[in-house]
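Geometric and topological summary
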Amino acid sequence: MKLELISFNVCPFVQRSVITLNHKNCEYDITFIDLLNPPDWFLEISPLGKVPVLKVDDKDVLFESAVINEFIDDVTPGSLKPSDPLTLAKNRAWIEYGGTCLADLFLIANHKDEKDMKGQMGECVTRLQRVEDILNDSTFFNGEELSLIDAAYAPLLIRLDFMNEKLNLLDWNNFPKLKRWRDNLLNLEAVQKSIVEDFKLHYTNKIKGQNGYLASIV
Ligand SMILES: N[C@@H](CCC(=O)N[C@@H](CS)C(=O)NCC(=O)O)C(=O)O
């Protein structure tokens, strides 16, 4: 099966899929596009104009990172999904929730006004507290083995570090379980290899391009 992932260099949703592909030792091609100036061929195949898109065998197209990741998991040996339906359903719900936290990071960089940006930071931290509260003491979300939900949260946890450098978004001391989860994820080769070269530079440029208050201080 031929897999081609359509990507934007700092998109956290793409990174979720890259981690899954890496962890499952898949062979795949990755094609980077400029989201500010997306090519026509991309707009033709991406129903929402968003990345990631996964092209399968040059003809079928999948979108939505959570769906792409389940597909990758389903067509490769081993499973990164909990076998218990209730646990699986809960994981899916928290993966969706993680997308809202990622949206917070995007919105923090979008606000033109410092006060609005700080309000968004507060919302983000409150949301992260809920994740902290449901985590247990295991290495990964469901236990000692990586699951799709871990791949879904790694890009968020990595970006929190970057946001902290610029903004003191959160005090890791108040989020010990999130911090340990982040560290455990960053120890994985699949995660390390998912971070694009010069990530900080590209992420800074992305924030500058959003032209919000944050752009003036990064
Ligand atoms: N729910 C989607 C979100 C994907 C998403 O928002 N991607 C952003 C880049 S990080 C995008 O393509 N934005 C372009 C746009 O909204 O026009 C997923 O999980 O795949």
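None of the values given here were measured: they were computed from a predicted structure.

For the structure shown, the criterion picks out 6 aromatic pairs. When the ring of Trp94 is compared with that of Tyr97, the centres are 4.7 Å apart and the planes differ by 65°; the resulting orientation is edge-to-face. Taken together, the residues span about one helical turn, with Trp94 and Tyr97 both in helix α4 (residues 85–110) at a distance of 3 residues. An aromatic cluster is defined as three or more aromatic residues linked by ring pairs; in this entry it consists of Phe141, Tyr153 and Trp181. Sitting over the ring of Tyr203, Arg159 keeps its end group 5.6 Å from the ring centre.

Turning next to helix α1 (residues 12–23). Between the first and last C-alpha of α1 there are 16 Å, a value that for 12 residues agrees with the 16 Å anticipated at 1.5 Å per step. With 10 of its 12 residues buried, α1 lies for the most part within the structure. The complete set of buried residues in α1 reads Pro12, Val14, Gln15, Arg16, Ser17, Val18, Ile19, Thr20, Leu21 and Asn22. Those residues of α1 that are buried are in contact with β1 (3–7), β2 (29–32), α3 (65–74), α4, α6 (148–167) and α8 (189–192). Asn25 sits one or two residues past α1 and shows a positive phi near 55°.

Attention now goes to the domain arrangement of the protein chain. Taken as a whole, the protein chain is organised into domain 1 (3–74) and domain 2 (85–216). Distance from the C-alpha centre of domain 1 to the C-alpha centre of domain 2: 20 Å. With both chains or domains summed, domain 1 and domain 2 bury close to 1700 Å², and 67% of this area falls on carbon and sulfur atoms. In this assembly, domain 1 and domain 2 are joined by 1 salt bridge. The salt bridge partner of Glu70 is Arg92, with a shortest N-O separation of 2.8 Å. Linking domain 1 with domain 2 are 8 residue pairs in polar contact (both at pLDDT 80 or more), by the criterion used here. At 9 residues, the largest contribution of residues to the side of domain 1 that touches domain 2 is made by α1. Of the residues assigned to the side of domain 1 that touches domain 2, the class counts are 9 nonpolar, 6 polar and 3 charged.

Along any regular strand the residues' side chains alternate between the sheet's two faces. Taking every second residue as pointing to the same face, both faces of strand β3 (residues 53–56) are buried, with Val53 and Lys55 on one and Leu54 and Val56 on the other. Note: β1 against β3, 4 bridges, orientation antiparallel. Its bridge partner lying in β3, Glu4 is registered against Lys55. Bridge analysis of β3 against strand β4 (residues 60–63) gives 4 bridges, and the strand direction is antiparallel. Across the sheet, residue Val53 finds its bridge partner in β4, namely Phe63. Adjacent in sequence and paired antiparallel, β3 and β4 are bridged by 3 residues, among which Asp57 carries a positive phi angle near 50°.

To summarise the sheet geometry, strands pair through backbone hydrogen bonds and adopt either a parallel or an antiparallel arrangement. Pairing within the open sheet is mixed, and its 4 strands lie in the order β2-β1-β3-β4. In this open sheet, the two strands that pair with only one neighbour each are β2 and β4. The mean inter-strand angle of the sheet, taken between neighbouring strand axes irrespective of direction, is 25°. In this fold α1 packs onto β1 and β2, with an angle of close to 150° to the strand it touches most, β1.

Conventions adopted
Residues numbered from 1 in each chain as written. Predicted model: local features only at pLDDT ≥ 70, side-chain atom pairs only at ≥ 80, totals over all residues. Heavy atoms only, no water. Phe/Tyr/Trp six-rings, centres within 6.5 Å; stacked < 30°, edge-to-face > 60°. Helix = DSSP H or I, 4+ residues; strand = E, 2+ residues; numbered from the N terminus. Lys NZ or Arg CZ within 6 Å of the ring centre and 35° of its normal. Expected span 1.5 Å × (residues − 1). Buried < 20%, exposed > 50% of the residue type's maximum accessible area, 1.4 Å probe, protein only. Contact = heavy atoms within 4.5 Å. Domains from an automatic or database assignment. Buried area = accessible area lost by both parts, 1.4 Å probe. Salt bridge = Lys/Arg side-chain N within 4 Å of Asp/Glu carboxyl O. Polar contact = N/O pair within 3.5 Å; in protein donor to acceptor, adjacent residues only side chain to side chain. Nonpolar A, V, L, I, M, F, W, Y, C, P; charged D, E, K, R; others polar. Pairing = 2+ DSSP bridges. Axes fitted to C-alpha atoms, helices over the stretch in contact; angles between N-to-C directions.

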